[in-house]
Amino acid sequence: MRQNFPGLIAWTLFLVGLGAAGVWLVILGRGGGDGAVISGVIALVCLVAAGMTWIAIRLLLHNDPMNPEVLQDEEQVYLKRRRDKRRRRAQGKEGAADGEPV
């Protein structure tokens, strides 16, 4: 499957924003002022950037940002690699110790 770096970046920004929002709520609950502003701004910027990236992927690339579709040539490459791996295992050239499923 092709690389989905914009989706990965958006997902990372979302997770960072979610964590910063949690820190922001904790600092607000304890009565802190300066730390709450900093973490609140970080949370807002990250969450807005993640949302904008997901929308841009959806509208500009016409693709699902979290689960991109598999193209025909990508599927053929994947199937060829799996057939080759199974053939090597059947011939005894590759053991099950590599951790990859058949």
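In this text, all values refer to a predicted model and were calculated from it rather than measured experimentally. (Residues numbered from 1 in each chain as written. Predicted model: local features only at pLDDT ≥ 70, side-chain atom pairs only at ≥ 80, totals over all residues. Heavy atoms only, no water.)

**Remarks on helix α1 (residues 5–30)**
Cut-off, in case you're wondering: Per the convention used, a helix needs a DSSP run of H or I reaching at least four residues, while a strand needs a run of E reaching at least two, with both numbered from the N terminus. The span expected for a helix works out to 1.5 Å for each residue beyond the first. Accessible area is worked out with a 1.4 Å probe on protein chains only. A residue is then buried under 20% of its type maximum, exposed over 50%, and partly exposed in between. It only takes one pair of heavy atoms within 4.5 Å for two residues to be counted as in contact.
Compared with the 38 Å implied by 1.5 Å per residue over 26 residues, the 38 Å span of α1 between its first and last C-alpha is a close match. Buried within α1 we find G7, A10, G17, A20 and A21. In the core, the buried residues of α1 are packed alongside α2 (34–60). Trailing α1 by a residue or two, G31 shows a phi angle of about 90°, which is positive.

**A look at helix α3 (residues 72–90)**
Note the cut-off: By arc we mean the arc of the directions from the helix axis to the C-beta atoms, nothing more.
With 19 residues, α3 extends 27 Å from end C-alpha to end C-alpha; this agrees with the ideal 27 Å at 1.5 Å per step. If you check which residues of α3 are buried, you get E74, R82, K85 and R89. Down the axis of α3, the sector holding all buried residues measures 65°, keeping them to one side. Facing away from the buried side of α3, by more than 90 degrees, are the exposed residues Q72, D73 and A90. Immediately beyond the C-terminal end of α3, within one or two residues, lies G92, with a positive phi of roughly 80°.

**Observations concerning the packing of aromatic side chains**
The condition is simple: Put simply, two rings from Phe, Tyr or Trp (the six-membered ring, in Trp's case) pair if the centres are within 6.5 Å, and we call them stacked under 30 degrees between planes, edge-to-face over 60, tilted for the rest.
In total, this model carries 3 aromatic pairs according to the counting rule given. Plain terms: the ring middles of F14 and W54 are 5.6 Å apart, the flat faces sit at 50° to each other, and that makes the pair tilted. Of the two residues, F14 sits in helix α1 while W54 sits in helix α2, which places them 40 residues apart along the sequence. One aromatic cluster in this structure is built from W11, F14 and W54.

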